[in-house]
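Each chain, written out:
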Amino acid sequence: MTTELTKGVHCVGVVDWAIRHFHGHELSTHRGSNYNSYLILDEKTVLVDTVWSPFADEFIANVRSLIDPAKIDYVVMNHAEPDHSGSLPALMRLCPQATILVSKRGMETVPGHCRQDLNLQPVSNGERVNIGQRDLVFVEASMLHWPDSMFTYLTGDSILLSNDAFGQHYATAYPFNDQVNQDELYREAIKYYANILTPFSKLVAQKIKEVVGLNMPVSMIAPSHGVIWRDDPLQIVRKYQEWAEQKPAPEAVILYDTMWEATRRMAEAVGDGLAAEGVRFQVFHMAVSDRNDVITEVFKAKAVVIGSPTLNNGVLPTITPILEDLRGLKFQNKVGAAFGSYGWSGESVKLIEEHLGKCKIPVVSEGVRAKWQPTPADLEACRTLGRKVAASVKSA
Ligand code: FEO
């Protein structure tokens, strides 16, 4: 199925209702995803981005429903990750004469993923290519989120084809932002930002400023995942500006794992301390929680309080991945704390605190360690820790 955005501009991508994990198994996609590709019919015929290879046949059938693929003059690869370049080899067999326009870094990444000879032509930031009644204008967007990333702007219709930026992993029956559930849309948009774009927040802010400074009208923002923003399209740009500032809400996330409920009881006592000070919090047992959903909540909140018993002189293995996320995502403007039970060596709290330090998340108070099951005094220490975290959250 295809969708006409404006006269001669069609979405020829596919909806992936079934996918539940993306980037291998790194990112959960509870609401599926889609891979948007755009066909522009002018004096020249242009295809912007392809789709993931398992959907190549469906994608090419979509193109064929509108034109003979042999008529394609330009293929724009805004970004080479396989969810966008995967069907490029199959497409190029049908239009071998077409020129593939890529960013300078795309000269390395596109052949690096496709591993075949391709007719590539680099385009630079601000370069225009006339396609008849309209121009394509290319905007480098390096590290949003790969070195090769770029946007393509279509003059005349004023459509920004933004590839991954402003996207969501959100399979929908309808393609436009005003046609879907707004709560679901923004849950997926912020999850996408928190888990993928947060480390590049400074660049996001700079790039938005630069693009806004070009004073180009924008009637639609058409990303390569999720819905197309046609109703107040700049609303998602304003949200990205807000998210890039990383000004978290005065709330807390407590995340923990537990072996015999001791650390769980401590987590809940920390929550009691937060509640006593009127600070909202959520508690996540990491063994049964989705890591990417928890990261999204951590992104939104001022405080992250982490609990683990000690196992084999370390933390429980279910805690390690989210510690690694905290390091890699480089969250700003947070505070943290740690707690956990132990039987003999008891390193977990110190290890978590050291890790928070490496993540530049200041520890607001010395963590609480409880030997075996927590005593009433240990639980009171946890409540005190919660109150101290609350004070830090409120003072920010
Ligand atoms: Fe949607 Fe970076 O790929």
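So, a few notes on the structure that sits alongside this text. Here the structure is a predicted model, which is why all the values come from computation and not from measurement.

**So, the pattern of salt bridges**
Per the counting criterion, the structure on display carries 22 salt bridges. For the salt bridge of R134 with D42, the shortest nitrogen-to-oxygen distance reads 2.9 Å. With R134 in the loop between β12 (128-130) and β13 (135-140) and D42 in the loop between β7 (38-41) and β8 (45-48), this residue pair connects regions lying 92 residues apart in the sequence. Residue R134 shares its accessibility class with D42, and that shared class is buried. The salt bridge partner of R230 is D178, with a shortest N-O separation of 2.8 Å.

**A short note on the pairing of strand β10 (residues 99-102)**
Side chains T99 and L101 of β10 all project onto a buried face; the interleaved residues I100 and V102 project onto the opposite face, where all are buried too. Looking at chain direction, strand β9 (residues 74-77) and β10 are connected through four bridges and run parallel. Opposite V76, over in β10, you have L101 as the bridge partner. Here β10 pairs with strand β11 (residues 120-122) via three bridges, running parallel. Residue pairing in the sheet places V102 in a bridge with P122 of β11. For the crossover from β10 across helix α4 (residues 106-114) to β11, the handedness is right-handed.

**Notes on helix α10 (residues 320-329)**
The set of residues buried in α10 consists of I322, L323, D325, L326 and L329. One side of α10 carries all its buried residues, which in axial view fall inside an arc of 155 degrees. Considering only its buried residues, α10 is in contact with α5 (182-197), β17 (249-256), α9 (291-300), β19 (301-307) and α11 (348-358).

Analysis parameters
Residues numbered from 1 in each chain as written. Predicted model: local features only at pLDDT ≥ 70, side-chain atom pairs only at ≥ 80, totals over all residues. Heavy atoms only, no water. Salt bridge = Lys/Arg side-chain N within 4 Å of Asp/Glu carboxyl O. Helix = DSSP H or I, 4+ residues; strand = E, 2+ residues; numbered from the N terminus. Buried < 20%, exposed > 50% of the residue type's maximum accessible area, 1.4 Å probe, protein only. Pairing = 2+ DSSP bridges. Right-handed = clockwise from strand over helix to strand, strands pointing away. Arc of directions from axis to C-beta. Contact = heavy atoms within 4.5 Å.

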